[in-house]
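Report on the structure
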Amino acid sequence: MYFIKSEALLKLNRLDEAKETLLTVLKNRYTANGYTSVQSQVNAMNAADFTNYIMDERFREFALEGHRWFDLRRTSQKKIVHTISGKEYILQQNDPRYTIEYPMSAKKNNPNL
């Protein structure tokens, strides 16, 4: 809930409150010295940098919980470049293939998708 609240406050142009909210979570994640370092980094961020920081933290926090697909669908969908065996594969920003929709057969078998 803290991540959602922080993101919502950021979208309402309440940057300081958004930072405070996220720092509440981060305080429990780091040692005292680590938290001080993270706190100074977060406090120095502008709105654009803090938006990226929230998304990175969400990625780490919810890595195996299935939230990533929804985050990719609703956010910037930046350009991705991977090089495999010397060949470069590029997924352009906002490409319709960025996130693949569940197949209809899967939706029929599991209507909660």
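Throughout what follows, the structure given in this document is the object of discussion. No experiment lies behind these values; they were computed from the predicted model shown.

**Digging into the environment of Leu 26**
Relative to the elements of secondary structure, Leu 26 occurs in helix 2 (residues 15-27). Here the alpha-carbon distance between Leu 26 and Gln 39, two residues 13 residues apart in the chain, equals 8.6 Å.

**A few points about helix 1 (residues 2-11)**
Of all the positions in helix 1, only Phe 3, Ser 6, Glu 7, Leu 9 and Leu 10 are classed as buried. Taken down its axis, helix 1 places every buried residue within 160 degrees of arc, on the same side. Remark: Asn 13 follows helix 1 within two positions and exhibits a positive phi of approximately 60 degrees.

**Concerning the environment of Ile 100**
Topologically, Ile 100 is positioned in the loop between strand 2 (87-91) and helix 6 (104-109). Using a relative accessible area of 70% as the deciding quantity, one classes Ile 100 as exposed. It is 32 Å that separates the C-alpha atoms of Ile 100 and Asn 46, two residues lying 54 residues apart in sequence.

**Notes on the pairing of strand 2**
Pairing analysis gives five bridges linking strand 1 (residues 80-84) to strand 2, with the strands arranged antiparallel. Following the sheet pairing, Thr 83 is matched in strand 2 by Glu 88. Between strand 1 and strand 2, which pair antiparallel and follow one another directly, the connecting turn spans two residues, one of which, Ser 85, has a positive phi of 50 degrees.

**Examining the nonpolar core**
Core analysis: the biggest nonpolar cluster contains 17 residues, and Leu 22, Leu 26, Val 42, Phe 50, Tyr 53 and Ile 54 have the highest contact counts within it. Considering each element in turn, this core owes the most residues, five residues, to helix 2. Setting aside residues up to four positions removed in sequence, Leu 26 forms contacts with Tyr 35, Val 38, Tyr 53 and Glu 57.

**Overview of the packing of helix 2 against helix 4 (residues 47-61)**
What describes two packed helices is the angle between their axes and the distance between those same axes. Taken N-terminus to C-terminus, the directions of helix 2 and helix 4 make an angle of 25 degrees; their axes are 11 Å apart at the nearest point. It follows from the interaxial angle that helix 2 and helix 4 lie roughly parallel. The element helix 2 and its partner helix 4 pack so that their crossing is left-handed. Along the contact surface, helix 2 presents Leu 15, Ala 18, Lys 19, Leu 22 and Leu 26, while helix 4 presents Ala 47, Phe 50, Tyr 53, Ile 54 and Glu 57. Here the residues of the contact of helix 2 with helix 4 are counted per class, giving eight nonpolar, no polar and two charged.

About the criteria used
- Residues numbered from 1 in each chain as written.
- Predicted model: local features only at pLDDT ≥ 70, side-chain atom pairs only at ≥ 80, totals over all residues.
- Heavy atoms only, no water.
- Helix = DSSP H or I, 4+ residues; strand = E, 2+ residues; numbered from the N terminus.
- Buried < 20%, exposed > 50% of the residue type's maximum accessible area, 1.4 Å probe, protein only.
- Arc of directions from axis to C-beta.
- Pairing = 2+ DSSP bridges.
- Core = buried A, V, L, I, M, F, W, Y, C linked by side-chain atoms within 4.5 Å.
- Contact = heavy atoms within 4.5 Å.
- Axes fitted to C-alpha atoms, helices over the stretch in contact; angles between N-to-C directions.
- Parallel < 35°, antiparallel > 145°, perpendicular 65-115°, else oblique.
- Left-handed = near helix turned anticlockwise from the far one by under 90°.
- Nonpolar A, V, L, I, M, F, W, Y, C, P; charged D, E, K, R; others polar.

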